[in-house]
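# Examining the three-dimensional arrangement
Residues per chain are reported as follows:
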Amino acid sequence: MLEGKLLIGGKWIPCKSKFESLNPATGEVFGRASLAGKKEVTQAVEAARLAFPEWKRTDISERAGIFIRIGEEILKRSQELKTLITLEMGRPLFESNIEVRKTSEIIKYFANEGKNYLEEEAIPINPHESSITRFEPVGVVGVIKPWNYPLLLPFWAIAPALLAGNTVVFKPSDLTPFAGMEIGKICQDAGIPDGVINVVTGDGSTGESLVSSDIDMVSFTGSSQTGKHIMKSSAEKLHRISLELGGSDAFIVFRDADIEEAINGAVWGRFMNCGQACVSPKRIFVEDDIADSFIEGFVKRTRNLVIGNGLDPGTDIGPMVSLEQREKLKLQVEDAVRLGAVIECGGKKPAALQDGFYYEPTVLTGVTPEMKVMNEEVFGPVAVISVFDNMDEALALANGTVYGLGASVWTKDMDIAMRMSSQLECGMVWINEICTLHPQCPWVGIKHSGMGKDLSRYGVREFVSVKHVNVNFGGGKTRGWWFPYGK
Ligand code: NAD
């Protein structure tokens, strides 16, 4: 049984309050994590505040060097990290392994390239006067992250925040506290000084305490509902906020697309991570004359997916992360069926896997805009397919949601592809591709999907304040706009 502690000021501290961590594949308790209250959160923020001046003064090359070591350390520990991720949140080891490797790659990207985005910039004005723009750390950053990529997403914030000279108090999801603790241990082992990163495990109440504490910024990834709540609480203290929230991405297939490729992409995109990814084809729209063959191929491939414990090497889809998430998904499917949707396959717990939080990969057709599956984020293994008959209708359907995270368009006609990409209301568009992730490309959402920027130069600058310094070198002493106005 794993026992959780809090990392505060470089020390691992036990906490009286605890909560249980369950293995979603079996429903069994495998750890007891610490539940940080207001007192512990305040201590962590004080430790981060104390460490800030010294860390800010550290040369950026030294900070970057530590992150190169963190990237390497993650690869060295890949076996234990991928197993822990699978145990805590259920996904197949194959996918956990990709997360571990991608995390290392992204950290090394920040370590190697981040410095270039933090260098001051000169702004020439005239022969006597010049300006520079400096990028300075914000201070103490509260990093609050979800469970669905428990190693990758925290480091999207922790790496650029620390590289820019901030210090961090990190609150992992209550569903993945032990992966969160590993992040603290890896940073310590790679040489991050005491207090520069602090880890407070806990639930929403721990997050609330962090948001209302004496921090300078909140970097949040999670549901739109919690994001709105955090925005309200942060307004009181005028904390800087970065919000990466939920999504309901459209996947649009035109008649001239490579249908086989589109089906394979849609099935993988929708069911990887058991359908629990922010960017995923949550609403699939297919042009009418290819709809029947697309649906037939999609259902056939879905039926071939192997559902089981993520620790088994043959598994394609593991359990959902929790009973609560499965109940929410079940209600969304029931609502759709009540309003006329057809279940083409799945739609229930698998008969042979009653213990964990499993749900069969499910395909719904005959869906209509008033159904929950079209209006709410569907965060589980359910694909929702509907039909359109022209580009304007496809756009109206795709944009008919409060969310604006990603979209995927499948066509060989680059004119259609580019017109769609400019008119889709979202932060990321993939053409004949789905959910690729490159550290040098921005990861962004609009509308109810948030207002944060991750990865790329934008993800680094998210964690700095911009300072403008103007210098007059002594020439051009007469300023016609100074007093006295009368002469
Ligand atoms: P969630 O909003 O329930 O929780 C996210 C984090 O916030 C957790 O650490 C949680 O403990 C904490 N929290 C909960 N209530 C809080 C409160 N009142 N104050 C402060 N913190 C609080 O989300 P989740 O279920 O963990 O994650 C799934 C959601 O995250 C989905 O909506 C998904 O689309 C979204 N997500 C978005 C992105 C992106 O890049 N846009 C990436 C991954 C996940």
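Residues numbered from 1 in each chain as written. Predicted model: local features only at pLDDT ≥ 70, side-chain atom pairs only at ≥ 80, totals over all residues. Heavy atoms only, no water.

## Describing the packing of helix α4 (residues 93-118) against helix α5 (residues 152-163)
The following threshold applies: To define axes, lines are fitted to C-alpha atoms, for helices over the stretch in contact only, and angles between the resulting N-to-C directions are given on a 0 to 180 degree scale. Secondary structure follows DSSP: runs of H or I at least 4 residues long count as helices, runs of E at least 2 residues long count as strands, and numbering of each begins at the N terminus. Between 65 and 115 degrees an angle is taken as roughly perpendicular, under 35 as roughly parallel, over 145 as roughly antiparallel, and anywhere else as oblique. Each crossing gets its handedness from the near helix: less than a right angle anticlockwise from the far helix is left-handed, clockwise is right-handed. Contacts: residue pairs with any heavy atoms within 4.5 Å of one another. Side-chain classes are defined by residue name, with Ala, Val, Leu, Ile, Met, Phe, Trp, Tyr, Cys and Pro counting as nonpolar, Asp, Glu, Lys and Arg as charged, and the others, Gly among them, as polar.
Remark: α4 packs on α5, axes separated minimally by 9 Å, with the N-to-C direction vectors making an angle of 20°. Taken together, α4 and α5 sit at an angle that is classed as roughly parallel. Seen from above, α4 lies across α5 with right-handed handedness. Residues E99, K102, T103, I106, I107, F110, G114, K115 and L118 of α4 pack against L152, F155, W156, A159, P160 and L163 of α5. Each residue belonging to the contact of α4 with α5 can be placed in one class, and the counts come to 10 nonpolar, two polar and three charged.

## Digging into the domain arrangement of the chain
The cut-off we apply is this: Residue ranges labeled as domains rest on an automatic or database domain assignment. Here the quantity called buried area is the total loss of accessible area, with a 1.4 Å probe, experienced by two parts when brought into contact, counted for both. Polar contacts here mean pairs of N or O atoms no more than 3.5 Å apart (in protein, one a potential hydrogen donor and the other a potential acceptor; neighbouring residues in sequence count only if both atoms are side-chain atoms).
Under the domain assignment used here, the chain contains domain 1 (2-245 + 449-470) and domain 2 (249-431). One C-alpha centre belongs to domain 1, the other to domain 2, and the line joining them spans 31 Å. The partner domain 2 presents 25 residues to the 21 residues of domain 1 that form the contact. Taken together, the two surfaces of domain 1 and domain 2 that pack against each other cover about 1900 Å², and 59% of this comes from carbon and sulfur. Remark: the boundary between domain 1 and domain 2 carries nine residue pairs in polar contact (both at pLDDT 80 or more). Looking at the side of domain 1 that touches domain 2, the elements that each hand over two or more residues are α3 (78-89) and α4. With four residues, the single largest contributor to the side of domain 1 that touches domain 2 is α3.

## What about the sheet that holds strand β24 (residues 464-472)?
Strand pairing in a sheet relies on backbone hydrogen bonds, with the paired strands running either antiparallel or parallel. Operational definition: For two strands to be treated as a pair, DSSP must find no fewer than two bridges joining them.
Here three strands make up an open sheet; going across it, the order is β6-β7-β24 and the pairing antiparallel. Two strands close off the open sheet at either side, each with one partner strand: β6 (121-126) and β24. Going from strand to strand, the sheet's axes swing by 20° on average, the running direction of each strand aside.

## Focus: the site of the ligand
Operational definition: Here a residue is near a molecule or strand as soon as one of its heavy atoms is found within 4 Å of it. For every accessible area listed, the method is Shrake-Rupley and the probe measures 1.4 Å; residues are considered covered only by the protein chains on display.
For the ligand, the set of nearby residues contains 31 residues, the closest of which are K145, S223, T226, L245 and E377. Here a nitrogen atom of the ligand and a side-chain polar atom of E208 are 3.2 Å apart. Between G222 and the ligand, the recorded distance is 3.4 Å, taken from a backbone N or O atom to an oxygen atom. Isolated, the ligand exposes 860 Å² of accessible area, and the fraction of that covered by the protein chains is 90%. For the shell around the ligand, the elements supplying multiple residues, two or more each, are α7 (204-211), β11 (217-221) and α8 (224-237). Built from parts of two domains, the shell around the ligand gets at least three residues from each of domain 1 (2-245 + 449-470) and domain 2 (249-431).

## Concerning the pattern of salt bridges
Side chains bearing opposite charge may pair, as long as their charged atoms lie close to each other. Quick reminder of the rule: Salt bridges are defined as contacts in which a side-chain nitrogen from Lys or Arg sits within 4 Å of a carboxyl oxygen from Asp or Glu. Partly exposed residues are those whose accessible area sits between 20% and 50% of the maximum for their type, while under 20% is buried and over 50% is exposed, using a 1.4 Å probe and protein chains only.
The final tally for this structure, using the stated rule, is 26 salt bridges. A salt bridge links E3 to K18, with the shortest nitrogen-to-oxygen separation between them at 3.6 Å. Taken together, the residues span a long stretch of sequence, with E3 in strand β1 (residues 2-3) and K18 in strand β4 (residues 18-22) at a distance of 15 residues. Residue classification places E3 among the partly exposed positions, given a relative accessible area of 45%. What makes K18 partly exposed here is its relative accessible area of 25%.

## Here's the deal with α8
Our working rule: Take the residue count of a helix, subtract one, and multiply by 1.5 Å to get its expected span. Working note: the arc is built from the helix axis to C-beta atom directions.
For α8, with 14 residues, the first-to-last C-alpha span of 20 Å sits near the 20 Å given by 1.5 Å per residue. Of all the residues in α8, the buried ones are S224, G227, I230 and S234. Seen end-on, α8 carries its buried residues on one side only, within an arc spanning 110°. Looking at α8, the residues exposed on the side facing more than 90 degrees away from the buried face are Q225, K232 and E236. Considering only its buried residues, α8 is in contact with β8 (140-144), α7, β11, β12 (240-244) and β18 (403-404).

## Describing the packing of helix α2 (residues 60-76) against helix α6 (residues 177-190)
The geometry of a pair of packed helices is captured by two quantities: the angle between their axes and the separation between those axes. Their axes nearest at 9 Å, the elements α2 and α6 cross at an angle of 125°. Classified by the angle between their axes, α2 and α6 sit oblique to one another. As for the relative orientation of α2 and α6, their crossing is right-handed in sense. Each of I66, R69, I70, E73 and I74 in α2 lies in contact with α6, whose residues at this interface are I186, C187 and A190.

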